[in-house]
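# Structure at a glance
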Amino acid sequence: MQVLAFLLSLSLLVVTHELGHLGFAKLFHTRVNRFYVFFNWKFSILKAKKFDGKWHFLFFNKETPESWDEKNLKPEDKNNTLWGLGWIPLGGYCDIAGMVDETKNSEDMESEPQPWEYRTKKGWQKLCIISGGVLVNFLSALAIYAVVFAHWGQDELPLRNATMGYEYNEVMLDQGFRNGDIIYALDGKEQYDMAEAVSTMFYDRPQQITVMRDDSLCTFEVEDAMYSRMMDINPKHLFAVRYPFVIKSFTAGSIGKKYGLLEGDSLVSIGGQPTPTAVEFMTTLPLFADDTVTIGFYRQGEYHAQKVELNKDGRLGIYAMNPTDIFEVKHTSYTVGEAIPAGISYGWEKMVEYVSSLRILFTKDGAKNLGGFLAMGSLFPKVWDWYAFWNLTALLALVLAFMNIIPIPGLDGGHIVITLYEMITRRKASEKALDVIQKIGMALLLLLLIVANGNDLIRLFNGWF
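Bear in mind the structure is a predicted one, so any value in this text is a computation, not a measurement.

## Re the nonpolar core
Soluble, globular proteins show a tendency: their nonpolar side chains are buried together. Counting 43 residues, the largest nonpolar core has F177, M201, F239, L267 and L316 as its most contacted members. Core analysis: the next-biggest nonpolar cluster, separate from the first, contains 39 residues, F28, C94, V134 and A394 among them.

Encoded structure:
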């Protein structure tokens with residue numbers, strides 16, 4: 001489900017991004033030769049093109065037939081785009097005629113410029129075409145947030161409402177935190193929101209931390225070394241909510257359901273070993289795989305015990321409630337009219353938060369924090385959740401929008417800088433220079449992909465995913 005959710009999200013982001021380019025290209029009568037979702041190295045899963053008054057399709061194709069070539073088509077069919085689906089899910093592309101990008105080089109530009117080509121368009125039109133993908137990704141993120149707010153509303157778990165406290169990673173435990181602590185203040189500033197507390201700790205590095213521990217406040221100092229160690233291991237979570245394992249639902253053929261467990265049961269022990277939190281329950285259960293064990297649980301306030309024969313995987317086939325199902329949350333409902341400005345405001349806040357977080361990349365340990373496709377995919381839940389899916393898709397849309405506007409050759413931001421240069425100087429950059437810049441940019445992007453996904457593999461081998 002994680003893989004499926006990530007691929008679906010990535011596909012939507014790629015399609016909307018490239019449609020942004022295509023939409024502005026068509027608006028300014030610029031020919032788009034090919035439009036691809038995913039990359040088609042060696043072969044394509046699907047190709048489609050309309051000519052001779054009908055659609056033509058090719059499946060698992062290596063070479064496009066000559067009959068599909070522009071030079072062999074009727075004049076009225078020469079502006080038709082070839083639509084394709086590649087097999088490498090790492091992005092996509094929109095091949096715009098007369099534009100030096102990853103689909104062509106300066107040799108492809110040696111012909112006489114034509115009025116339907118990108119290179120003959122006015123500067124402001126080029127700017128719109130090349131910025132279209134970023135613009136659509138950003139606007140689609142705001143739209144998704146607005147729709148999510150209108151449909152589900154907004155649930156927030158205030159920091160102190162998680163009455164069982166939080167689970168902390170090993171680095172934070174070494175610095176004085178204890179599982180069950182509730183962060184109360186950072187450098188003297190009281191904290192109420194979990195996301196804000198995480199952001200403050202990760203980016204501002206507070207030196208003095210106050211926690212609620214056993215109904216009393218405890219203040220201690222933390223060292224910079226804690227934050228450096230965090231950079232080294234790049235934990236998935238700084239801290240996570242502690243909550244009991246309360247049954248939400250069952251899988252098909254659930255062992256737990258077979259032995260009489262019911263939705264709403266709170267599972268608190270395994271084989272006589274207390275497991276007061278969901279994390280403890282889920283990590284202890286596999287230890288009794290392929291064995292018979294007694295599960296202790298509360299049902300409507302009364303304690304019960306049930307012997308259960310586990311399978312070889314040590315699973316009961318049950319799903320736990322989320323912390324927001326258990327603790328008191330702050331719920332805000334929105335009308336459609338209210339959801340639109342709320343979605344825009346929330347999306348903008350997320351963008352600012354993401355951009356602020358990038359300053360970590362410029363620290364000595366910054367490169368270690370880069371993540372690739374495994375890191376992005378691991379954000380999605382292991383069971384299908386439409387609310388989580390759309391929230392993560394909106395977040396990734398913001399990430400994609402910002403990353404693409406960075407002025408690196410090969411990215412949209414690099415083309416934007418070149419276009420602005422031409423508009424300001426009124427001098428056209430040569431195709432050969434653009435080709436060199438494009439190749440340098442693609443090499444930098446390839447290096448970035450290798451580092452980011454290399455970090456993912458290191459984390460994978462260390463059991464962090």
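## Brief notes about the pairing of strand 3 (residues 54–61)
Pairing analysis gives seven bridges linking strand 2 (residues 44–51) to strand 3, with the strands arranged antiparallel. Across the sheet, K47 pairs through a bridge with L58, a residue of strand 3. A loop of two residues connects strand 2 with strand 3, the two strands running antiparallel in sequence, and D52 in this loop sits at a positive phi of about 55°.

## Considering the sheet that holds strand 9 (residues 189–190)
Read across the open sheet, the four strands follow the order 9-8-10-11; overall the sheet is antiparallel. The open sheet has two free edges, formed respectively by strand 9 and strand 11 (216–221), since each of these has just one partner strand. In this sheet, strand 11 lies alongside strand 10 (residues 208–213) in antiparallel orientation, the contact comprising six bridges. Within the sheet, the bridge partner assigned to I209 lies in strand 11 and is F220. Packed on one face of the sheet, helix 4 (residues 194–204) meets strand 8 (182–186), strand 9 and strand 10 and runs near 55° to strand 8.

## Thoughts on empty space enclosed by the protein
A water-sized probe rolled over the atoms picks out the places where empty space is left. Across all of its chains, the model carries two cavities of 30 Å³ or more by this definition. Estimates place the volume of the largest cavity at around 210 Å³. Examining the composition of the lining of the largest cavity, we find that five residues originate from one element, helix 12 (residues 412–425), more than from any other. Residue composition of the lining of the largest cavity, grouped by class: eight nonpolar, six polar and five charged. The wall of the second largest cavity is formed by A5, F380, P381, V383, W384, D385 and F389. A class-by-class count of the residues in the lining of the second largest cavity yields six nonpolar, no polar and one charged.

## A short note on the environment of L261
Here L261 is to be found in the loop between helix 6 (255–258) and strand 14 (266–270). Residue classification places L261 among the buried residues on the basis of a relative accessible area of 1%. Measuring from C-alpha to C-alpha, the distance between L261 and I318 comes to 9.4 Å, with 57 residues separating the pair along the chain. Not counting chain neighbours up to four residues away, the residues in contact with L261 comprise I247, F250, G256, L267, F297, R299 and L316.

Reading the values: the criteria
- Residues numbered from 1 in each chain as written.
- Predicted model: local features only at pLDDT ≥ 70, side-chain atom pairs only at ≥ 80, totals over all residues.
- Heavy atoms only, no water.
- Core = buried A, V, L, I, M, F, W, Y, C linked by side-chain atoms within 4.5 Å.
- Buried < 20%, exposed > 50% of the residue type's maximum accessible area, 1.4 Å probe, protein only.
- Pairing = 2+ DSSP bridges.
- Helix = DSSP H or I, 4+ residues; strand = E, 2+ residues; numbered from the N terminus.
- Contact = heavy atoms within 4.5 Å.
- Axes fitted to C-alpha atoms, helices over the stretch in contact; angles between N-to-C directions.
- 1 Å grid on protein atoms, 1.4 Å probe; cavity = no way out; pocket = protein on both sides within 12 Å on 5 of 7 lines; lining within 4 Å.
- Points joined across faces, edges and corners; volume = space filled by probe spheres on them.
- Nonpolar A, V, L, I, M, F, W, Y, C, P; charged D, E, K, R; others polar.

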